[in-house]
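Next come the chains, spelled out residue by residue.
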Amino acid sequence: MTEPMFLALTALLDEPRHGYGIVQEVDRLSEGTVQLKIGSLYGVLDRLAADGLVELDHEEAHSGRLRRYYRITDTGEEALATELARLNGTLQIAAQRLEARQRGSTSRPLIAGGSA
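Residues numbered from 1 in each chain as written. Predicted model: local features only at pLDDT ≥ 70, side-chain atom pairs only at ≥ 80, totals over all residues. Heavy atoms only, no water.

(A) Seen up close, a nonpolar patch on the surface. Judged by side-chain polarity, Y20, I38 and Y42 come together as a nonpolar surface patch covering roughly 290 Å² of accessible area. Tracing the sequence through the fold places Y20 in helix α2 (residues 19–29). (Patch = residues over 30% accessible without salt bridge, like charges linked within 9 Å, V, L, I, M, F, W, Y side chains within 5 Å. Areas by Shrake-Rupley, 256 points an atom, 1.4 Å probe, with all protein chains shown as cover. Salt bridge = Lys/Arg side-chain N within 4 Å of Asp/Glu carboxyl O. Helix = DSSP H or I, 4+ residues; strand = E, 2+ residues; numbered from the N terminus.)

Shown next as structure tokens:
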């Protein structure tokens, strides 16, 4: 799962959002490090929808234009939880290795699910 996909799903956890709302929330969640453009956002949403991770919630007219609101599906929530667990495992390994390096240790910490 790409970082923009992960953040788009995260942005939809609390409420359905339209495209620009997702862009703004991703910017806020990433503290400005991920800035989705509208064009790339719809590519992300198309992939998430094709995988059943998001779906159209509703549409509403705003200033003469149709806004589509998307929501995360139960499958999307499960995929996000799985990715979060994977990232947490990777972070723990990186933190262990960094700590070992800073201590000057030559032994390698265990890899999740295996040995060094």
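(B) Quick look at the nonpolar core. Core analysis: the largest hydrophobic core is formed by 21 residues, its most contacted members being L9, I22, V26 and L48. For this core, the secondary-structure elements that each account for two or more residues are α1 (3–11), α2, α3 (38–50) and β3 (65–72). The biggest single contributor to this core is α1, with six residues. If we ignore the near neighbours within four places in the chain, the residues touching L48 are M5, A8, L9, L53 and V54. (Core = buried A, V, L, I, M, F, W, Y, C linked by side-chain atoms within 4.5 Å. Buried < 20%, exposed > 50% of the residue type's maximum accessible area, 1.4 Å probe, protein only. Contact = heavy atoms within 4.5 Å.)

(C) Summary view of the pattern of salt bridges. The full count for this structure, using the stated rule, is nine salt bridges. For the salt bridge of E25 with R28, the shortest nitrogen-to-oxygen distance reads 2.7 Å. Pair noted here: E25 and R28 are both in helix α2, with a separation of three residues, about one helical turn. Across the salt bridge formed by E55 and R71, the nearest N and O atoms sit 2.7 Å from each other. Within this pair, whereas E55 is found in strand β2 (residues 54–62), its partner R71 is found in strand β3, the two being separated by 16 residues in sequence. Given a relative accessible area of 34%, E55 falls into the partly exposed group. Judged by its relative accessible area of 30%, R71 is partly exposed. Taken together, the shared-partner salt bridges connect D14, E15, R17, E25 and R28 into one network.

(D) Geometry of the packing of α2 against α3. α3 packs onto α2 with a crossing angle of 100 degrees between their chain directions and a minimal axis gap of 10 Å. Relative to α3, α2 is oriented roughly perpendicular. Contacts between α2 and α3 involve G19, Y20, I22 and V23 from the first element and I38, L41, Y42 and L45 from the second. (Axes fitted to C-alpha atoms, helices over the stretch in contact; angles between N-to-C directions. Parallel < 35°, antiparallel > 145°, perpendicular 65-115°, else oblique.)

(E) How the structure looks around the sheet that holds β3. Strand order in the open sheet formed by three strands is β1-β3-β2, with antiparallel pairing between adjacent strands. Looking at the sheet topology across the chains shown, the edges are occupied by β1 (17–18) and β2. Here β2 runs beside β3; their pairing, made up of eight bridges, is antiparallel. Residue E55 lies in a different strand from β3, and its bridge partner there is R71. (Pairing = 2+ DSSP bridges.)

(F) A look at α2. By the burial criterion, the buried members of α2 are G19, G21, I22, V23, E25 and V26. Where the residues of α2 are buried, they touch α1, β1, α3 and β3. The positive-phi residue at the C-terminal boundary of α2 is E31, with phi of around 55 degrees.

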